[in-house]
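The residues making up each chain are set out below.
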Amino acid sequence: MPTTTVANGDEESQTQPFLNHQLRPGNFNSTSQVAIVGSDLCPIESLDYEYVAAFLIFAASNFGLTLFTCVITTLIAPEAAGSGIPEVKAYLNGVDAPAIFSLRTLIVKVVGSITAVSASLHVGKAGPMVHTGACVAALMGQGGSKKYKLTWKWLRFFKNDRDRRDLVTCGSAAGIAAAFRAPVGGVLFAFEEMASWWRSALLWRAFFTTVVVAIVLRALIDVCFSGQCGLFGKGGLIMYDVTSSNVSYHFMDVPPALLLGVIGGILGSLYNFILDKVLHVYNQINAKGAAYKILLACSVSILTSSLLFGLPWLASCRPCPTDASEPCPTIGRSGNYKKFQCPAGEYNDLASLFFNTNDDAIKNLFSKNTDDEFQTSSILIFFVTCFFLSIFSYGIVAPVGLFVPVIVTGASYGRFVGMLVGSHSTLNHGLFAVLGSASLLGGSMRMTVSLCVMILELTNNLLLLPLIMLVLLVSKTVADAFNGNIYDIIMKLKGFPYLETHPEPYMRQLTVSDVVSGPLNLFHGIEKVGNIVHVLKTTGHNGFPVIDEPPISQAPVLFGLILRAHLITLLKKKAFSTNPVMTGVNAFNHFSAGDFSKKGLGRGDKIEDIELTEEEMEMFIDLHPFTNTSPYTVVETMSLAKALILLREVGLRHILVIPKISRGSPVVGILTRHDFMPEHILGLHPVLSSSRWKRLRLFKFPLWNKIF
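Residues numbered from 1 in each chain as written. Predicted model: local features only at pLDDT ≥ 70, side-chain atom pairs only at ≥ 80, totals over all residues. Heavy atoms only, no water.

Draft legend 1. Local environment of the overall build of the protein chain. Of the regular secondary structure elements, the protein chain holds 25 helices and 12 strands. Looking at the protein chain as a whole, 52% of its 708 residues qualify as buried. Looking at the protein chain alone, contacts between residues at least 24 apart form 76% of all its contacts between residues at least 6 apart. Accessible area for the protein chain stands at about 32400 Å²; split by element, carbon and sulfur atoms hold 62% of it. (Helix = DSSP H or I, 4+ residues; strand = E, 2+ residues; numbered from the N terminus. Buried < 20%, exposed > 50% of the residue type's maximum accessible area, 1.4 Å probe, protein only. Contact = heavy atoms within 4.5 Å. Areas by Shrake-Rupley, 256 points an atom, 1.4 Å probe, with all protein chains shown as cover.)

Below you can see the structure in the form of structure tokens.
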């Protein structure tokens with residue numbers, strides 16, 4: 001673009017300050033300074049009115065958008081709150097939380113994430129897009145939504161656990177690919193962070209999905225390239241292009257990169273630590289009711305608007321560069337040189353970062369040949385503000401993500417380090433910003449390969465690959481010494497029983513009998529209807545052992561396992577008999593395969609919804625035809641670590657524990673994923689908390705724990 005300097009004529013009137021140059025005691029505009037020297041009050045009143053009116057409009061717009069997204073999330077789909085990545089990750093691990101993939105959740109997620117980002121909250125769109133992709137995939141996996149009469153028969157072939165899980169994995173990859181226009185990064189993200197089970201067939205399916213995403217994005221960008229779609233379509237598939245054929249680095253640039261990695265690891269772990277504490281407080285507030293949820297979100301909106309509008313006053317005006325590639329100061333919604341309170345021919349560098357979209361702020365920080373565009377104090381203020389605003393904005397009841405805020409925060413921190421290093425490195429400040437983003441992402445989210453590829457696809461700078469790899473590895477290693485990754489922390493807060501890949505060391509010293517807790521609820525092969533109803537109403541278990549006793553068998557024997565959903569189906573269909581006799585295969589005459597298939601994304605049938613008479617409660621059900629006669633079983637002396645590997649690798653929900661020596665009952669307990677949670681195990685065996693077998697972090701933030 002041609003070089004643009006200070007505008008003239010009509011454009012001059014748009015960029016002129018409210019006060020004349022004679023009233024300015026310098027480049028920094030301060031109404032209090034003008035009032036002190038006793039200048040004419042009329043311009044001051046006009047100036048104050050204009051800025052107060054601008055702030056009120058700005059704050060009211062943000063407040064209204066925040067209120068809208070919080071209300072629809074709270075009242076329509078609370079499952080849509082947050083980024084959605086922890087929920088999807090937990091589902092792919094085997095935790096099927098209710099309504100997280102419903103059509104209602106999908107609609108609120110889309111609308112809410114748009115309004116939340118538009119409300120100037122320091123939040124991102126990547127997490128909600130992952131959840132959105134997973135919702136679309138899950139709806140396809142169940143053939144659509146029966147509740148809203150949106151079903152397709154040809155999709156019934158995917159209505160099984162494995163195919164639905166594969167579709168959700170591909171959907172999460174598509175979400176990242178769409179958010180960052182990074183198809184390969186999306187596949188690696190799904191592989192490294194999301195999926196608990198992976199196989200070669202899933203790899204090419206996820207790759208095919210992200211290829212389709214890239215093609216559709218490219219087509220839409222071409223359609224919108226003429227500017228008919230607002231800011232969408234700018235930059236093509238490379239969102240933050242910082243490529244340069246003359247970028248080179250030397251051995252002297254490695255120490256600053258290592259320093260970025262170490263500090264990024266510390267900052268990332270600190271970020272996770274503070275976010276954990278803030279979310280604990282937010283959960284206590286949100287638990288008080290919908291009014292408190294809305295009040296909290298609105299308070300965060302007012303705080304954000306005040307900081308965004310007030311902090312740029314701390315920055316002094318800077319003269320427009322003579323070689324600017326765009327109008328300076330910028331007039332409009334997007335640009336690198338925001339005028340704010342500055343006179344013609346000058347711009348406010350802090351306002352240029354705050355009053356921009358997150359994407360434009362990242363572009364500004366990543367840009368090459370911009371070493372003189374930002375002041376050190378402005379970058380420091382921007383970093384601190386982004387660091388804390390992203391933490392306080394995440395816990396509100398709205399569809400918000402963490403990816404983009406962490407990138408922005410890391411970019412500002414990296415650019416600040418680049419300013420301090422100065423001439424001691426051959427890298428420009430924009431490249432330091434790229435490395436800073438990588439370090440904070442690695443320190444907070446603890447991913448390596450997928451983040452590395454995503455950053456390369458975002459910036460189109462392959463020459464920085466070795467340094468990006470180094471920074472990611474160092475930051476992850478340092479941060480792992482303090483705490484876990486951010487999504488694991490959030491999953492723990494939400495109560496999802498997520499199974500890690502490897503068992504804790506102390507599990508090798510325990511057997512399955514050490515964690516099985518009673519009393520055990522079981523059924524006989526021919527059971528009384530009243531007993532089944534009582535057990536289902538008084539327990540929340542989803543699987544029950546079925547045993548046979550004389551005269552049906554010669555001795556007590558384990559027949560199999562029956563699921564809660566199947567028992568409710570039997571009660572709903574009222575497949576009862578007046579006498580305790582075996583019905584055999586004739587029992588299937590009253591049922592179809594669809595009656596026992598897994599329900600959709602709703603909450604399914606409940607035992608409280610089934611009405612039975614006193615006469616029916618005295619009748620019997622033959623459970624033999626509906627029981628899984630080949631459940632997985634382990635001996636009570638089996639190592640707990642081995643049982644965890646079996647449960648996780650095979651993808652089981654229940655494991656029956658049988659006695660080593662035959663005694664009264666053929667089954668002594670049942671294992672679920674809750675029995676492998678560290679909180680459950682350490683609650684049963686507190687001595688393990690001080691054992692050398694317990695995996696401990698190197699540091700526990702003792703001082704920060706006391707402060708909080």
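Picking up where we left off.
Draft legend 2. Representation of the pairing of strand β11 (residues 655-658). Where strand β10 (residues 633-635) lies against β11, 3 bridges are found, and the strand directions are parallel. Residue pairing in the sheet places V634 in a bridge with V657 of β11. Crossover connection from β10 via helix α23 (residues 640-650) to parallel β11: handedness right-handed. Inspection of the sheet shows β11 paired to strand β12 (residues 669-671) by 3 bridges, in the antiparallel sense. Following the sheet pairing, I655 is matched in β12 by L671. (Pairing = 2+ DSSP bridges. Right-handed = clockwise from strand over helix to strand, strands pointing away.)

Draft legend 3. Up close: the pattern of salt bridges. Summed over all chains, the structure comprises 12 salt bridges. Note that D359 is salt-bridged to K125, the shortest N-O span being 3.5 Å. A residue pair is termed long-range when its members are at least 10 positions apart, and D359 in helix α13 (residues 358-366) and K125 in the loop between α5 (103-118) and α6 (126-141) qualify at 234 residues. Owing to a relative accessible area of 27%, K125 belongs among the partly exposed residues under this scheme. A salt bridge links K476 to D480, with the nearest nitrogen and oxygen atoms 3.0 Å apart. Here K476 and its partner D480 are both found in helix α18 (residues 465-480), 4 residues apart, which amounts to about one turn of the helix. Looking at D480, the relative accessible area reads 27%, which means it is partly exposed. A network of salt bridges, in which partner residues are shared, links K89, E193 and D488. (Salt bridge = Lys/Arg side-chain N within 4 Å of Asp/Glu carboxyl O.)

Draft legend 4. Up close: the packing of aromatic side chains. In the structure shown here, the tally under the stated rule is 20 aromatic pairs. On the numbers, 4.9 Å between centres and 70° between planes, the contact of Y51 with W313 is edge-to-face. Placement of the pair is Y51 in helix α3 (residues 41-75) and W313 in the loop between α11 (290-310) and β3 (318-319), with a sequence separation of 262 residues. Residue class for Y51 comes out buried when judged on its relative accessible area of 13%. By way of ring pairs, the aromatic residues Y51, F55, F58, F309, W313, F340 and F355 are connected into one cluster. (Phe/Tyr/Trp six-rings, centres within 6.5 Å; stacked < 30°, edge-to-face > 60°.)

Draft legend 5. Just the nonpolar core, in detail. If you look at the biggest cluster of nonpolar residues, it comprises 113 residues, and the most contacted ones within it are F101, F180, F189, F403, M445 and I468. Considering each element in turn, this core owes the most residues, 11 residues, to helix α10 (residues 254-286). Apart from the residues within four sequence positions on either side, I468 is in contact with V434, L435, A438, C452, I455 and L456. Counting 22 residues, the second largest nonpolar core, distinct from the first, contains V546, I562, I568 and F576. (Core = buried A, V, L, I, M, F, W, Y, C linked by side-chain atoms within 4.5 Å.)

Draft legend 6. Focus on the sheet that holds β12. Spatial ordering of the open sheet is given by β10-β11-β12, a layout of 3 strands whose pairing is mixed. Looking at which strands have only one partner, the edges of the open sheet turn out to be β10 and β12. The average undirected angle you get between the axes of adjacent strands in this sheet is 35°. (Axes fitted to C-alpha atoms, helices over the stretch in contact; angles between N-to-C directions.)

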